[in-house]
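Here is how the chains run, residue by residue.
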Amino acid sequence: SLIGVHTDGGFAEKASVPKNQIFELPQELSWEQSIFIEPFANSVNAWERSKATNVTSIAIIGAGGLGLGLVALANQLGCRNLHVAELSLARRNVAKVLGATHACEKLNETYDIVFDTVGSVESRNDTIDLAKKGGQCIFLGFENPTHTFNMSALIRHQKELKGSFAYSKSQFVKAIALAKSCDSRWVKNIFFAEVEPTLAGFLEGDFTHIKVALRPNRQKN
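S.K.: Explain a nonpolar patch on the surface to me, please; I cannot follow it from the model alone.
M.R.: A surface patch of nonpolar side chains, amounting to about 360 Å² of accessible area, comprises Phe-149, Met-151, Ile-155 and Leu-161. Tracing the backbone through its elements, the reader meets Leu-161 in strand 6 (residues 160-163). On the accessibility criterion, Leu-161 (33% relative accessible area) is partly exposed.

Here's what the structure looks like:
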């Protein structure tokens, strides 16, 4: 179970946390940068499951926290064919800053590995379609709990489907270092009263700020 998700505390001023779940942050890492650690840890797990190399062609659907973490990991490895599909212009621009070689609303090439960080019916279909014959499809998104696809085409093209969920402690530590590549200005600090309208804005497609941090005792930015 996830602390603050399956147990109370995600939107509390204080929460009880097991001591072995506490990690020391480097002094040079800002609190805004640290917001990316948890989603990036998920990205590390998915990336390691893919066994990608620097010559692997990569497509990432969605440039939220998970997708941006994958971009940073691919760039760290030196991948030169790294494409991102994302509806938000702001998120596409950040993906380019982190190392994406191409970012647009919808991709139409084929790739060795395709990551779906969204989990919608459309994004999952796109993931399978964008994978080359013998390619990998790695799913991280949860938007839709079920999915139906053409099993015959999957068999004939020998595509591999993988799920990726959560992370190990060692992967979380790797994500701490990876978060240093993020810009503190990508994060907006908010108060409790701003949570609901902020989430409503995300649902309506307003991604002016890439990430938002609930920090009730902190001055807004």
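S.K.: How should I be thinking about the packing of aromatic side chains in this particular structure?
M.R.: Aromatic ring pairs: the centre-centre distance and the angle between the two ring planes describe each pair. Counted under the stated rule, the structure contains seven aromatic pairs. Plain terms: the ring middles of Phe-36 and Trp-186 are 6.2 Å apart, the flat faces sit at 80° to each other, and that makes the pair edge-to-face. Remark: Trp-186 occurs in the loop between helix 7 (169-178) and strand 7 (187-190) and Phe-36 occurs in the loop between helix 1 (31-34) and helix 2 (37-50); sequence separation between them is 150 residues. With centroids separated by 6.0 Å and ring planes inclined at 20°, the aromatic side chains of Trp-47 and Phe-115 adopt a geometry described as stacked. With Trp-47 in helix 2 and Phe-115 in strand 4 (residues 111-116), the pair connects residues that are 68 residues apart, well separated along the chain. Arg-91 extends its terminal NZ or CZ atom over the ring of Phe-207, reaching a point 3.7 Å from the ring centre.

S.K.: Hey, could you run me through the pairing of strand 5 (residues 131-139) in this one?
M.R.: Two faces belong to every sheet, and in a regular strand the side chains alternate between them. As paired strands, strand 4 and strand 5 are joined by five bridges and run parallel to one another. Note on strand 5: the bridge partner recorded for Tyr-111 is Ala-131. In this region the chain leaves strand 4, passes through helix 5 (residues 121-130) and returns to the parallel neighbour strand 5; the handedness of that crossover is right-handed. When strand 5 meets strand 6, the two strands line up parallel, connected through four bridges.

S.K.: What's the story with the side chain of Thr-198 in this structure? I'm lost.
M.R.: Within the secondary structure layout, Thr-198 lies in helix 8 (residues 195-203). Among the residues examined, Thr-198 registers a relative accessible area of 18% and is labelled buried. Ignoring anything within four residues of it in the chain, the contact list for Thr-198 reads Ile-190 and Val-212.

S.K.: Got a minute to help me understand the packing of helix 3 (residues 65-77) against helix 4 (residues 89-98) in this structure?
M.R.: Any two packed helices are characterised by how steeply their axes cross, that is the angle between the axes, and by the distance between the axes. Two elements in contact, helix 3 and helix 4, have axes separated by 9 Å at closest approach and are oriented at 20°. Comparing their axes, helix 4 and helix 3 come out roughly parallel. Where helix 3 crosses over helix 4, the handedness of that crossing is right-handed. Within the contact between the two elements, helix 3 uses Leu-68, Val-71, Ala-72 and Asn-75 and helix 4 uses Arg-91, Val-94, Ala-95 and Leu-98. Tallied by class, the residues present in the contact of helix 3 with helix 4 amount to six nonpolar, one polar and one charged.

S.K.: Any chance you could explain the nonpolar core here in plain terms?
M.R.: If you look at soluble globular proteins, the nonpolar side chains tend to sit buried side by side. By size, the foremost hydrophobic cluster in this structure holds 41 residues, and its most contacted members are Phe-36, Trp-47, Ile-58, Ile-60, Leu-68, Val-84 and Phe-115. For this core, the element with the most residues is helix 3, which contributes seven residues. Each residue touching Trp-47, except ones within four places of it in the same chain, is listed here: Ala-52, Ile-58, Leu-70, Leu-73, Ala-74, Leu-77, Cys-79 and Phe-115. In this structure, Leu-107, Val-114, Ala-131 and Cys-137 belong to the second largest nonpolar core, which totals 13 residues.

S.K.: Just checking my understanding: could you explain the pattern of salt bridges for this structure?
M.R.: Applying the stated criterion to the full structure yields eight salt bridges. Glu-48 is the partner of Lys-174 in a salt bridge, and the nearest nitrogen-oxygen pair spans 2.5 Å. One end of the pair, Lys-174, is in helix 7; the other, Glu-48, is in helix 2, and 126 residues separate them in sequence. Residue class for Lys-174 comes out partly exposed when judged on its relative accessible area of 45%. According to the relative accessible area criterion, Glu-48 is partly exposed, its value standing at 32%. Within the structure, one salt-bridge network assembled from shared partners comprises Lys-106, Glu-122 and Asp-126.

S.K.: How do you make sense of unusual backbone geometry when you look at a structure like this?
M.R.: A negative phi holds for most residues other than glycine; trans holds for most peptide bonds. For Lys-51, which is not glycine, the phi torsion reads 55° and is therefore positive. Within the fold, Lys-51 resides in the loop between helix 2 and strand 1 (58-61). The exposed category is assigned to Lys-51, whose relative accessible area is 68%. Non-glycine residue Ala-166 carries a positive phi angle of around 60°. For Ala-166, the location among the structural elements is in the loop between strand 6 and helix 7.

Rules and cut-offs
Residues numbered from 1 in each chain as written. Predicted model: local features only at pLDDT ≥ 70, side-chain atom pairs only at ≥ 80, totals over all residues. Heavy atoms only, no water. Patch = residues over 30% accessible without salt bridge, like charges linked within 9 Å, V, L, I, M, F, W, Y side chains within 5 Å. Areas by Shrake-Rupley, 256 points an atom, 1.4 Å probe, with all protein chains shown as cover. Salt bridge = Lys/Arg side-chain N within 4 Å of Asp/Glu carboxyl O. Helix = DSSP H or I, 4+ residues; strand = E, 2+ residues; numbered from the N terminus. Buried < 20%, exposed > 50% of the residue type's maximum accessible area, 1.4 Å probe, protein only. Phe/Tyr/Trp six-rings, centres within 6.5 Å; stacked < 30°, edge-to-face > 60°. Lys NZ or Arg CZ within 6 Å of the ring centre and 35° of its normal. Pairing = 2+ DSSP bridges. Right-handed = clockwise from strand over helix to strand, strands pointing away. Contact = heavy atoms within 4.5 Å. Axes fitted to C-alpha atoms, helices over the stretch in contact; angles between N-to-C directions. Parallel < 35°, antiparallel > 145°, perpendicular 65-115°, else oblique. Left-handed = near helix turned anticlockwise from the far one by under 90°. Nonpolar A, V, L, I, M, F, W, Y, C, P; charged D, E, K, R; others polar. Core = buried A, V, L, I, M, F, W, Y, C linked by side-chain atoms within 4.5 Å.

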